Amino acid sequence: MTLLLLTSTALRADVLTDIVPLQTRWAEINYQLDEDDREKAYQQLVTVADQVVANNAGSAEAYIWRGIIKSSLAGAKGGLGALGVAEESKADFEKALTLDANALQGSAYTSLGVLYAKVPGWPIGFGSNKKAAELLTKALTLNPQGIDPNYFYAELLADKRDYSQAMRYLEQAKQAPKRPGRESADVGRQQEIAMLMAKVAKKIKH
């Protein structure tokens, strides 16, 4: 039993090391590259993520990060051509949930919730604000102070014109603890939080 536990811990350490380059490059593409350059860059990063998944096939973290990259690729592609990539992203998050729903503080719930919020609904795609709200609420139960679940739930609330509640979650996201090794991602997300707060504040005043 002890040997199995040690092996499991070692494998987890390996995958956490393997996903660092994915996290770093994703933040560079998402927050530093021009929009016109992002699709190609994400596509190249998917290839790297494929190898990380191949090396860590039993680890939810690898699937989460390939799903995040594919979700971002779908956003960069846009239009109907993005739906196939979004479906692949959805499959990665669902696989991660079957392996370890709590991995990366419930990030699969957060990212899958965002996907449901962004993808068009039936008959074009699988998008659903109701499903998005369920998933993001679940993510918040696992990571109540996290920057991402609070920001994305606030974004969903703002889209539904529930501005006072959106501001509440934005305030929580703004105060979220810093994530070691994710400094550039935190800076970029805080900029997004500030922009959404400004928009929501204007809506509340009116």
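Residues numbered from 1 in each chain as written. Predicted model: local features only at pLDDT ≥ 70, side-chain atom pairs only at ≥ 80, totals over all residues. Heavy atoms only, no water.

Concerning helix H3 (residues 60-77)
Here H3 is 18 residues long and its end C-alpha atoms lie 25 Å apart, about the 26 Å a rise of 1.5 Å per residue gives. Where H3 ends, the next residue or the one after it, Gly78, has phi of about 70°, a positive value. (Helix = DSSP H or I, 4+ residues; strand = E, 2+ residues; numbered from the N terminus. Expected span 1.5 Å × (residues − 1).)

Some words on helix H8 (residues 163-174)
If you check H8, its first and last C-alpha atoms are 16 Å apart, about what 12 residues at 1.5 Å a residue would give, namely 16 Å. Of all the positions in H8, only Tyr163, Ala166, Met167, Tyr169, Leu170 and Ala173 are classed as buried. For H8, the secondary structure elements touched by its buried residues are helix H6 (129-142), helix H7 (147-159) and helix H9 (183-205). (Buried < 20%, exposed > 50% of the residue type's maximum accessible area, 1.4 Å probe, protein only. Contact = heavy atoms within 4.5 Å.)

A look at the environment of Leu33
Looking at the secondary structure, you find Leu33 in the loop between helix H1 (2-32) and helix H2 (35-55). When the C-alpha positions of Leu33 and Asp186 are compared, they lie 16 Å apart, and in sequence the two are 153 residues distant. Discounting chain neighbours no more than four positions away, the residues touching Leu33 are Arg25, Glu28, Arg38 and Ala41.

Topic: unusual backbone geometry
In the segment running from Trp122 into Pro123, the intervening peptide bond is cis, with an omega of 10°. Non-glycine residue Leu104 carries a positive phi angle of around 50°. Residue position: Leu104 is located in helix H5 (residues 103-118). With a phi close to 65°, Arg161 is a non-glycine residue in the positive phi region.

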